[in-house]
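Letter by letter, the chains look like this.
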2 protein chains.
Amino acid sequence: MKGIRQLAKHLDISIGTVSRALNGKADVNAETRQRVLAAAVELGYVANQSGRSLRQGTTNVIGLMMESSKETNENGDNFFLGLTSGLQSVLSRHKLDLIMLPCPSEEDPTEYLQRMVARGIVDGMIISATQRIDHRLDLLSRTKIPFVTLGRSQSGGEYSWVDLDFDGVANSSVDRLIAKGHRRIAVAAPSNDVNLGYIFLDGYRNALKRHGIAYDPSLVFRVKSSEQGGYQAAHEMLLLDDRPTAIILIYELMAIGLYRRLTEAGVIPGRDLAVIGFREEPRAKFLQPTLTCFRMSVRDLGVELAETLLATMPAYASFYPKGACNTIWPLELVPGESDGFERKP
Amino acid sequence: MKGIRQLAKHLDISIGTVSRALNGKADVNAETRQRVLAAAVELGYVANQSGRSLRQGTTNVIGLMMESSKETNENGDNFFLGLTSGLQSVLSRHKLDLIMLPCPSEEDPTEYLQRMVARGIVDGMIISATQRIDHRLDLLSRTKIPFVTLGRSQSGGEYSWVDLDFDGVANSSVDRLIAKGHRRIAVAAPSNDVNLGYIFLDGYRNALKRHGIAYDPSLVFRVKSSEQGGYQAAHEMLLLDDRPTAIILIYELMAIGLYRRLTEAGVIPGRDLAVIGFREEPRAKFLQPTLTCFRMSVRDLGVELAETLLATMPAYASFYPKGACNTIWPLELVPGESDGFERKP
DNA sequence: CTGAAAGCGCTTACAG
DNA sequence: CTGAAAGCGCTTACAG
């Protein structure tokens, strides 16, 4: 005999009372509750999750799906570890636990998610790195499991999401560069189908149009979201006959590789080429000249994501009355020296 | 009605047969099995995990505990993301899933682990960043849940572990520096109670003794395992009257901060000070002069960890006959320019 | 080869 | 305030 039965026997009361005492139900004698609580600590009893879940239909666990692609791994993206801190600060208020579900790169993400959801180990899901077409969202909508995404998508119908303000970054970058006299402004965008690339490029094209500058596809470098991708973008740019005078990067680590390739070619950022990076990143802090980039709090983003998710879960919605919602997460420009020069006409 | 009951009704057979067919039991008519499998796919049926776990007493899930300290987050340690790839490649052979359990920094790690284990959501645990005294290991030993650690500890009694060869790194670093004429060799070691610091320092002291050099405590800088820690170590070193001529770092990102502080002071690595870094790291690749460091495959380490864990689990031990074991994981020296000069006597 | 039944550990109406 | 009992969804001896 083990579990709650053993504890009940040890206390010589019924398992029902033990359960009620442990779960903080009101209709338990104060003294009984104390005895139960004390015995639970003494014997190290914690309710078996499978038993609870089966009975209650909930697990009190929120899942964060991560695609651990080779690319992500090698570049050491600290984004997820930062997010968890903010997520947990909210979830812990409600005694919810966070688990990270790393999808193997060989496995189809939708099938992996399907399996995880069907097994019933989570009450809600957080999905990141949304693709433009992302069947995971269709799956979650169909299954009716509460979820929130970090990033928009064309899939999944109506749902709650939080996304970075890529449009804002594109606009303020272009405006800033044009104010300094630039007309040929390049972009290094992700080569995969992640949705943020599309949003950013839309913003970029609109911003150019606003300034009456024609869109030139040869100035859009589609590269990996990595340091290597930045190197590649610089490499391709240097091969152009009519080089751009400025470049905007859409991934934080690109700047490192870009600087390296530029340095090899004797092109100095901030003097020969204006560079605006994406998210401010500790690893890019050492760059010389300092990088103009955008600041945001990853932890606060985690808070926002968690609250948005809970708002869609019936059991917690009363705490977060905003309900289902879509949030554009702002980024703040941090001026550096990398785009500090005026372009002479 | 839902779950297996619904599926059985749809097929007009008993739930027992459905279960046996789905679980690949031998005593099922081939045609029946086909029908069941087809229907499961069609209706998107996957067995509820809580139901299975409760009945079987296993969850087919392996947990990887991570302490998401602020320090780790901000430094973007890609180590864990790299590990998961290797871990999963082994676990997936046995249809085991990996989940990452991020312990909030506010919470006591042992209590967090206790809760996760008692809930019964994992069949086995992987513990990293072992402390010299680490109550998590005592807990796991007591609970008799299969586990493996990345890193040794004085706690927990007999158990399986894999650990990097810190002693080897210390020895070959010291030997190498001494061969180049250095006598005053400093070390930047972690300031927290993580066990690897102790092991490394033991190796360092023994290596010095082997060469007849007295141990000088003022040459051991205890700093954070981060870029900032490297900066701090360099800073403290520069304040010394009798400066060392060489320094060994025990964390990969320290090199970045160290270089920065040295550069600020006009001290050139590889000319004025010999530097040996720890693990080879993409983010430190850009350093000039190139860093002498040690190479290892994080993915293969994950493979080793997973196989070591499975060897201790009765259900899988037959596949990994090595049984419980302790492995010292080798690192290979990668010569760079940072310690390339001969020290003049 | 299949079905009927027990039971994994819990929580929660229900009765007292 | 407490106990007895049902039942969450599954797997697995057991009987046929």
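Residues numbered from 1 in each chain as written. Chains lettered and ligands numbered in written order. Predicted model: local features only at pLDDT ≥ 70, side-chain atom pairs only at ≥ 80, totals over all residues. Heavy atoms only, no water.

## Topic: the protein's contact with DNA strand C
- The local shell around DNA strand C holds 27 residues, among which I4(A), S19(A), Y45(A), R55(A) and T32(B) are the closest.
- Considering the 4 Å shell around the protein, atoms of DNA strand C inside it are sugar or phosphate in 61% of instances.
- Interatomic distance of 3.0 Å between a backbone N/O atom of N48(A) and a phosphate oxygen of DNA strand C.
- Elements represented by at least two residues in the surface near DNA strand C include exactly α1 (3–11), α2 (15–22) and α4 (49–56) of chain A together with α2 (15–22) and α4 (49–56) of chain B.
- Partitioned by chemical class, the residues of the surface near DNA strand C number eight nonpolar, eleven polar and eight charged. (Near = heavy atom within 4 Å. Polar contact = N/O pair within 3.5 Å; in protein donor to acceptor, adjacent residues only side chain to side chain. Helix = DSSP H or I, 4+ residues; strand = E, 2+ residues; numbered from the N terminus. Nonpolar A, V, L, I, M, F, W, Y, C, P; charged D, E, K, R; others polar.)

## A short note on the protein's contact with DNA strand D
- Around DNA strand D, the structure places 27 residues, and the nearest of them are T32(A), I4(B), S19(B), Y45(B) and R55(B).
- Each atom of DNA strand D within 4 Å of the protein belongs either to a base or to sugar and phosphate, the latter forming 61%.
- S14(A) is positioned such that a nitrogen or oxygen atom in its side chain is 3.0 Å from a phosphate oxygen of DNA strand D.
- Contact between DNA strand D and N29(A): a phosphate oxygen at 3.1 Å from a main-chain N or O atom of the residue.
- With five residues, the single largest contributor to the surface near DNA strand D is α4(B).
- In terms of residue class, the surface near DNA strand D is made up of eight nonpolar, eleven polar and eight charged.

## Here we look at the nonpolar core
- Core analysis: the biggest nonpolar cluster contains 170 residues, and Y204(A), I247(A) and Y204(B) have the highest contact counts within it.
- For Y204(A), the contacting residues outside a window of four places in its chain are A170(A), V174(A), I185(A), A186(A), V187(A), Y215(A), L219(A) and V220(A).
- One finds M125(A), I145(A), F147(B) and Y159(B) within the second-largest nonpolar core, a separate group that totals 40 residues. (Core = buried A, V, L, I, M, F, W, Y, C linked by side-chain atoms within 4.5 Å. Buried < 20%, exposed > 50% of the residue type's maximum accessible area, 1.4 Å probe, protein only. Contact = heavy atoms within 4.5 Å.)

## A short note on the relation of the copies chain A and chain B
- After a rotation of 180° and a shift along the axis of 0.0 Å, chain A superposes on chain B with an RMSD of 0.0 Å. Expressed as a symmetry operation, the mapping of one chain copy onto the other fits a two-fold axis.
- When you check the interface residues of chain A against chain B, 100% turn up at the interface there too, and the contact is symmetric in its surfaces. (Least-squares fit on C-alpha atoms with pLDDT ≥ 70 in both.)

## Let's talk about the interface of chain A and chain B
- Of the residues lining the interface, 46 residues belong to chain A; the matching set on chain B comes to 46 residues.
- When chain A packs against chain B, close to 3,800 Å² is buried across both sides, 57% of that on carbon and sulfur atoms.
- Across the chain A-chain B interface, the total number found is two salt bridges.
- A salt bridge links D97(B) to R115(A), with the shortest nitrogen-to-oxygen separation between them at 2.7 Å.
- Across the contact surface, chain A and chain B share five residue pairs in polar contact (both at pLDDT 80 or more). (Buried area = accessible area lost by both parts, 1.4 Å probe. Salt bridge = Lys/Arg side-chain N within 4 Å of Asp/Glu carboxyl O.)

## Details of the pairing of strand β6 (residues 185–190) of chain A
All names here are of chain A.
- Summarising burial for β6: six of the six residues are buried, a large majority.
- Where β6 lies against strand β8 (residues 246–249), four bridges are found, and the strand directions are parallel. Each bridged residue has a counterpart across the sheet, and for A186 the counterpart in β8 is I247.
- Taken together, the four bridges between β6 and strand β7 (residues 220–223) define a ladder with parallel strand orientation. Counterpart to V187 in the pairing with β7 is V220.
- Viewed along the sheet, the connection from β6 through helix α10 (residues 195–210) into β7 turns out right-handed. (Pairing = 2+ DSSP bridges. Right-handed = clockwise from strand over helix to strand, strands pointing away.)

## Regarding the pattern of salt bridges
Residue and element names in this part refer to chain A.
- Considering all chains together, one arrives at 32 salt bridges over all chains under this definition.
- Here R271 and D272 are joined by a salt bridge, their closest N and O atoms 3.0 Å apart.
- Among the charged side chains, a network of salt bridges with common partners joins E67, D134 and R136.

## Here we look at the sheet that holds strand β6 (residues 185–190) of chain B
Residues and elements named next belong to chain B.
- Spatially, the six strands line up as an open sheet ordered β7-β6-β8-β9-β10-β12, and their pairing is mixed. If you trace the sheet from one side to the other, it starts and ends with β7 (220–223) and β12 (332–334), each paired once. Put simply, the sheet's adjacent strands are angled 20° from each other on average, direction ignored.
- Looking at chain direction, strand β9 (residues 274–279) and strand β10 (residues 292–295) are connected through two bridges and run parallel. The residue of β10 that forms the bridge with I276 is T292.
- Where helix α10 (residues 195–210) meets the sheet, its contacts fall on β6, β7 and β8 (246–249), and the angle it forms with β6 comes to roughly 165°. (Axes fitted to C-alpha atoms, helices over the stretch in contact; angles between N-to-C directions.)

## What to know about helix α12 (residues 254–264) of chain B
Residues and elements named next belong to chain B.
- Along α12, eight of the eleven residues are buried, which leaves the element largely enclosed by surrounding structure.
- Buried within α12 are the following residues: M254, A255, I256, G257, L258, Y259, R261 and L262.
- If you follow the buried residues of α12, they end up packed against β6, β7, α11 (227–239), β8 and β9.

## A few points about the UniProt feature "domain: HTH lacI-type" (unreviewed entry) in chain A
- Within this numbering scheme, the UniProt entry marks residues 2–56 of chain A as carrying the feature "domain: HTH lacI-type" (unreviewed entry).
- Along residues 2–56 of chain A the backbone is 71% helical and 0% strand, and the end-to-end C-alpha distance reaches 20 Å. (UniProt positions renumbered as here; feature names shortened; annotations may be inferred.)

## Looking at the packing of helix α1 (residues 3–11) of chain B against helix α3 (residues 30–43) of chain B
All names here are of chain B.
- For the pair α1 and α3, interaxial distance at closest approach is 10 Å and the crossing angle is 120°. If you check the angle between α1 and α3, you find them oblique. Read as a crossing pair, α1 and α3 show a hand that is right-handed. Every residue of α3 that contacts α1 at L7, H10 and L11 is listed here: R35, V36, A39, A40, E42 and L43.
- Along the lines of polarity and charge, the residues of the contact of α1 with α3 split into six nonpolar, one polar and two charged. (Parallel < 35°, antiparallel > 145°, perpendicular 65-115°, else oblique. Left-handed = near helix turned anticlockwise from the far one by under 90°.)

## Focus on the side chain of Q88(A)
- Structurally, Q88(A) is set in helix α6 (residues 79–91).
- Separated by 2.4 Å, the side chain of Q88(A) and the backbone oxygen of P102(B) make a polar contact.

## Here we look at the side chain of D339(A)
- For D339(A), the position within the fold is in the segment after β12 (332–334).
- A distance of 2.6 Å separates a polar atom in the side chain of D339(A) from a polar atom in the side chain of R176(A).

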